[in-house]
Amino acid sequence: MMEVKGNKLLLLIGTAWLFDALDVALLSFIMPVIKQSWHLSASEMGAVSAVTSLGMMIGALGCGYLADKIGRKPILIMTLLLFSFGNLLLTMAPNVGWFLAVRFITGIGLGGELPVAATIIADHFTGTKRARMLVLVDSFWAFGWILASILSFVVMPKFGWRVTVLITALMGLYALLMRRHLPEKTLTEETNKLGFGPALKEVWSAQYRRATFCLSTLWFIIMFAYYGMFLWLPSVLVMRGFSVVHSFGYTVLMSLAQLPGYYLAAWLIGKLPRKAVLTVYLLGTMLSAWAFGTATTETMILISGAWLSFFTLGAWGIMIAFTPGQFDVSVRGMGMGFAQSIGRIGATIGPYLVGSLIAVGFKIPAIFMVFVGALIIGVIVLLVGLHDEDR
């Protein structure tokens with residue numbers, strides 16, 4: 001009976017994750033379209049991709065705290081409605097200034113959803129079961145990215161980006177389904193009466209300081225690399241000579257590789273220490289980034305892009321499995337939210353840096369070497385600083 005409930009919870013939370021990924025991925029496909037229609041510079045493109053992450057940073061920290069203070073369920077529903085309403089406003093954006101303002105608001109909902117959703121799963125399970133469930137729920141991100149790729153390949157060329165965004169906005173109705181079926185209180189949820197300042201101080205206490213520092217650093221590096229590379233992926237393909245439509249189609253193929261990356265990770269963390277599995281995935285991401293950045297043929301671009309999807313998203317899933325268990329349940333939302341909010345700083349810097357470097361004449365191979373260097377630092381932090389244990 002517990003397995004049935006677990007599968008139902010996995011589907012409920014995972015589908016919310018899918019919608020989150022759909023929104024983030026869709027932005028990467030919209031970028032080359034609005035670049036052409038609004039005649040945006042590379043720096044303006046960097047701002048478009050970075051402003052969502054800025055909102056996500058605020059959302060992760062604030063909603064993570066509120067999930068401990070008020071409860072997981074109402075905050076999760078609020079985040080879903082917020083970014084769905086933001087997408088509705090986005091369909092009416094007349095210029096890039098409106099677009100940036102709305103994406104910031106949308107980002108607050110997007111950033112708040114992920115740590116709260118992961119905390120709900122972490123509250124219900126322990127040990128290897130928790131780790132596997134967290135990786136599996138994160139695998140719904142791949143379905144969201146694939147769905148965004150298909151919409152961009154099929155709907156956007158015929159009806160434009162505004163209609164495509166409208167489809168995602170209507171998915172806010174899913175929040176009503178969650179209101180009916182999510183448990184009012186998770187199995188181990190405790191209400192944290194601490195104010196924001198004391199709660200933040202608690203995750204930096206001697207009990208959690210090492211974990212908070214290492215997890216925050218790793219999230220910074222992983223999001224810096226992921227958003228820097230993947231939000232620009234269709235645009236990079238266009239810069240390498242592919243048409244917008246063909247770049248979207250190739251991105252669909254690359255995105256399919258995310259799924260085996262997740263599922264292999266979910267299997268491996270039941271067999272091997274999570275640190276070892278995450279180390280392999282980070283090294284794989286590093287090598288794939290180097291290969292994609294230096295690829296010169298269509299075949300190598302597709303192959304290296306697929307491996308990049310495989311390893312990068314698998315590493316993200318393992319980090320989702322690592323993070324909430326490092327904190328006791330009473331501060332789990334704040335701990336998860338804080339670590340991911342630091343990650344969102346990396347997510348803000350990464351895509352903006354790519355736009356800035358392109359603007360001053362850097363080539364794609366040199367830009368991708370920046371991500372390789374960051375991932376090397378991440379491997380060192382993981383091996384030296386993080387303990388493979390749960391609370």
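All values reported here derive from a predicted model rather than from experimental measurement.

1. Considerations on the overall build of the protein chain
Reasoning step 1: A tally of regular secondary structure across the protein chain gives 17 helices and zero strands.
Reasoning step 2: A burial count over the protein chain gives 60% of its 391 residues as buried.
Reasoning step 3: Of the roughly 14300 Å² of accessible surface on the protein chain, 73% is carried by carbon and sulfur atoms.

2. Comments concerning the confidence of the model for the protein chain
Reasoning step 1: Considering every residue of the protein chain, the mean pLDDT works out to 84; 89% of them sit at 70 or more.
Reasoning step 2: Across the protein chain, helix α14 (residues 274-294) holds the top mean pLDDT of 93, while helix α12 (residues 244-256) sits lowest at 64.

3. Description of the packing of helix α4 (residues 96-124) against helix α5 (residues 127-154)
Reasoning step 1: With their axes 9 Å apart at the nearest point, α4 and α5 run at an angle of 145° to one another. Both α4 and α5 take part in a crossing whose hand is right-handed. In contact with Leu114, Ala118, Ile121 and Ala122 of α4, α5 contributes Arg130, Met133, Leu134, Val137 and Trp141.
Reasoning step 2: Classifying every residue of the contact of α4 with α5 gives eight nonpolar, no polar and one charged.

4. Regarding α14
Reasoning step 1: A rise of 1.5 Å per residue sets the reference length of α14, with its 21 residues, at 30 Å; its end C-alpha atoms lie 30 Å apart and thus fit the reference within 8%.
Reasoning step 2: Burial within α14 is extensive, with 15 of its 21 residues counted as buried.

5. As for the pattern of salt bridges
Reasoning step 1: The tally for this structure, following the rule as stated, stands at four salt bridges.
Reasoning step 2: For Asp123, the salt bridge is made with Arg72, and the minimal N-O distance between the two is 2.8 Å. Placement of Asp123 in helix α4 and of Arg72 in helix α3 (residues 72-90) is noted, with a sequence separation of 51 residues between them.
Reasoning step 3: Connected through salt bridges with shared partners, the residues Asp68, Arg72, Asp123 and Arg332 form a single ionic network.

6. Some words on the nonpolar core
Reasoning step 1: The biggest cluster of nonpolar side chains holds 128 residues, and the ones touching the most others in it are Ile13, Trp17, Trp141 and Tyr227.
Reasoning step 2: For this core, the element with the highest residue contribution is helix α1 (residues 2-38), accounting for 18 residues.
Reasoning step 3: Non-local contacts of Tyr227, meaning those with residues more than four positions away in its chain, are made with Val24, Ser53, Met56, Trp141, Trp232, Trp316, Arg344, Ala347 and Pro351.

7. What about a nonpolar patch on the surface?
Reasoning step 1: On the surface, Phe85, Leu88, Leu166 and Leu170 cluster together into a nonpolar patch covering about 370 Å² of accessible area.
Reasoning step 2: For the nonpolar patch, the secondary structure elements donating two or more residues are α3 and α7 (161-170).
Reasoning step 3: Within the element layout of this structure, Leu88 appears in helix α3.

8. Section: helix α15 (residues 298-322)
An α-helix turns once per 3.6 residues; consequently, residues spaced three or four apart project the same way.
Reasoning step 1: With 25 residues, α15 extends 36 Å between its outermost C-alpha atoms, agreeing within 8% with the 36 Å of an ideal straight helix rising 1.5 Å per residue.
Reasoning step 2: α15 sits mainly inside the fold: 18 of its 25 residues count as buried.

9. A word on the packing of α5 against helix α13 (residues 258-268)
Reasoning step 1: Where α5 contacts α13, the axes come no closer than 9 Å and their chain directions differ by 180°. Considering the angle they form, α5 stands roughly antiparallel to α13. Contacts between α5 and α13 involve Arg132, Val135, Leu136, Asp138, Ser139, Trp141, Ala142, Phe143, Trp145 and Ile146 from the former and Gln258, Leu259, Tyr262, Tyr263, Ala265, Ala266 and Trp267 from the latter.
Reasoning step 2: Among the residues making up the contact of α5 with α13, the classes are represented as 13 nonpolar, two polar and two charged.

10. Describing the packing of aromatic side chains
Reasoning step 1: Inspection of the entire model under this criterion finds 24 aromatic pairs.
Reasoning step 2: When the centroid spacing of 5.9 Å and the interplanar angle of 85° are considered together, the rings of Trp38 and Phe99 count as edge-to-face. Remark: Phe99 occurs in helix α4 and Trp38 occurs in helix α1; sequence separation between them is 61 residues.
Reasoning step 3: Using a relative accessible area of 0% as the deciding quantity, one classes Phe99 as buried.
Reasoning step 4: For the pair Phe292 and Phe368, a centre-to-centre distance of 5.3 Å together with 45° between the ring planes defines the contact as tilted. Placement of Phe292 in helix α14 and of Phe368 in helix α17 (residues 364-385) is noted, with a sequence separation of 76 residues between them.
Reasoning step 5: With a relative accessible area of 0%, Phe292 lands in the buried category.
Reasoning step 6: Classification of Phe368 as buried rests on a relative accessible area of 3%.
Reasoning step 7: It is Arg274 that lies over the ring of Phe322; its NZ or CZ is 4.8 Å from the centre.

11. Quick look at the environment of Gln207
Reasoning step 1: Summarising the element assignment, Gln207 is placed in the loop between α9 (196-203) and α10 (209-230).
Reasoning step 2: C-alpha separation for the pair Gln207 and Gln326, spaced 119 residues apart in sequence, amounts to 10.0 Å.
Reasoning step 3: Polar side-chain contacts of Gln207 include one of 3.2 Å to the side chain of Asp328.

12. Some words on the side chain of Ser139
Reasoning step 1: Position of Ser139 among the secondary structure elements: in helix α5.
Reasoning step 2: Under the relative-accessibility criterion, Ser139 is labelled buried at 2%.
Reasoning step 3: Side-chain polar atoms of Ser139 contact the backbone oxygen of Leu136, separated by 2.4 Å.
Reasoning step 4: Beyond its immediate chain neighbours, meaning those up to four positions away, Ser139 contacts Leu259, Tyr262 and Tyr263.

Cut-offs applied
- Residues numbered from 1 in each chain as written.
- Predicted model: local features only at pLDDT ≥ 70, side-chain atom pairs only at ≥ 80, totals over all residues.
- Heavy atoms only, no water.
- Helix = DSSP H or I, 4+ residues; strand = E, 2+ residues; numbered from the N terminus.
- Buried < 20%, exposed > 50% of the residue type's maximum accessible area, 1.4 Å probe, protein only.
- Areas by Shrake-Rupley, 256 points an atom, 1.4 Å probe, with all protein chains shown as cover.
- pLDDT = per-residue confidence, 0-100.
- Axes fitted to C-alpha atoms, helices over the stretch in contact; angles between N-to-C directions.
- Left-handed = near helix turned anticlockwise from the far one by under 90°.
- Contact = heavy atoms within 4.5 Å.
- Nonpolar A, V, L, I, M, F, W, Y, C, P; charged D, E, K, R; others polar.
- Expected span 1.5 Å × (residues − 1).
- Salt bridge = Lys/Arg side-chain N within 4 Å of Asp/Glu carboxyl O.
- Core = buried A, V, L, I, M, F, W, Y, C linked by side-chain atoms within 4.5 Å.
- Patch = residues over 30% accessible without salt bridge, like charges linked within 9 Å, V, L, I, M, F, W, Y side chains within 5 Å.
- Parallel < 35°, antiparallel > 145°, perpendicular 65-115°, else oblique.
- Phe/Tyr/Trp six-rings, centres within 6.5 Å; stacked < 30°, edge-to-face > 60°.
- Lys NZ or Arg CZ within 6 Å of the ring centre and 35° of its normal.
- Polar contact = N/O pair within 3.5 Å; in protein donor to acceptor, adjacent residues only side chain to side chain.

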